[in-house]
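A structural walkthrough
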Amino acid sequence: LGSSAPEILLSIVEIVGGGFHNGKLGPGVIVGSAAFNLFVIVAFCILAIPSPDTRMIEKYDVFIVTAVFSMLAYLWLVFIVQVSSPD
């Protein structure tokens with residue numbers, strides 16, 4: 001859950017309160033929040049490194065797995081929202 005817990009709980013309340021039908025918030029709230037959190041955290045991590053210093057990824061395989069599964073999750077969401085349930 002992490003930092004997206006409020007959005008997830010809000011969406012659950014909306015779905016349960018709406019008789020398990022789509023609400024106005026939808027998955028965009030969760031995805032938008034997750035993407036914003038990801039970009040802000042990465043930006044602050046980059047800004048926290050002093051200017052002449054550099055950092056290298058030590059476990060490149062973990063980075064690749066995380067990146068691939070993140071992209072697959074976003075593609076799956078696009079499929080669900082646009083193709084499977086366009087309304």
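What follows concerns the overall build of the protein. Scanning the protein from N- to C-terminus turns up three helices and zero strands. When the helices and strands of the protein are read in sequence order from the N terminus, they spell out α-α-α. Against the compact-globule benchmark of 12 Å for 87 residues, the protein has a radius of gyration of 17 Å, which places it well outside the compact range. In terms of overall dimensions, the protein has a C-alpha envelope of 55 × 25 × 15 Å along the principal axes. Out of the 87 residues in the protein, the part that is buried amounts to 8%. Total accessible area on the protein is roughly 7,300 Å²; 74% of this is exposed by carbon and sulfur atoms.

The next point concerns a nonpolar patch on the surface. Together, Ile57, Tyr60, Phe63, Ile64, Val65, Val68, Phe69, Leu72 and Leu75 make up a nonpolar patch on the protein surface, roughly 880 Å² of accessible area in all. As for its placement among the helices and strands, Leu72 is situated in helix 3 (residues 60–84).

In this section: the environment of Val13. Among the secondary structure elements, Val13 is positioned in helix 1 (residues 5–17). For the pair Val13 and Val62, spaced 49 residues apart in sequence, the C-alpha separation works out to 35 Å.

Next up on the list: the side chain of Ser11. With respect to the element layout, Ser11 can be found in helix 1. Here Ser11 falls in the buried class, since its relative accessible area comes to 8%. If sequence neighbours within four positions are ignored, Ser11 has contacts with Gly26 and Ile30.

We now examine helix 1. Look at helix 1: 18 Å from first C-alpha to last across 13 residues, which is about the 18 Å you get at 1.5 Å a residue. Where helix 1 ends, the next residue or the one after it, Gly19, has phi of about 70°, a positive value.

Scanning all chains against the criterion turns up two aromatic pairs. Pairing Tyr60 with Phe63 gives two aromatic rings, centres 5.9 Å apart and planes at 35°, and the pair type is tilted. Placement of the pair is Tyr60 and Phe63 together in helix 3, with a separation of three residues, close to one helical turn.

Conventions used here
Residues numbered from 1 in each chain as written. Predicted model: local features only at pLDDT ≥ 70, side-chain atom pairs only at ≥ 80, totals over all residues. Heavy atoms only, no water. Helix = DSSP H or I, 4+ residues; strand = E, 2+ residues; numbered from the N terminus. Rg over C-alpha atoms; globule rule 2.2 N^0.38 Å. Buried < 20%, exposed > 50% of the residue type's maximum accessible area, 1.4 Å probe, protein only. Areas by Shrake-Rupley, 256 points an atom, 1.4 Å probe, with all protein chains shown as cover. Patch = residues over 30% accessible without salt bridge, like charges linked within 9 Å, V, L, I, M, F, W, Y side chains within 5 Å. Salt bridge = Lys/Arg side-chain N within 4 Å of Asp/Glu carboxyl O. Contact = heavy atoms within 4.5 Å. Expected span 1.5 Å × (residues − 1). Phe/Tyr/Trp six-rings, centres within 6.5 Å; stacked < 30°, edge-to-face > 60°.

Coordinates in, geometry out; function isn't part of it.
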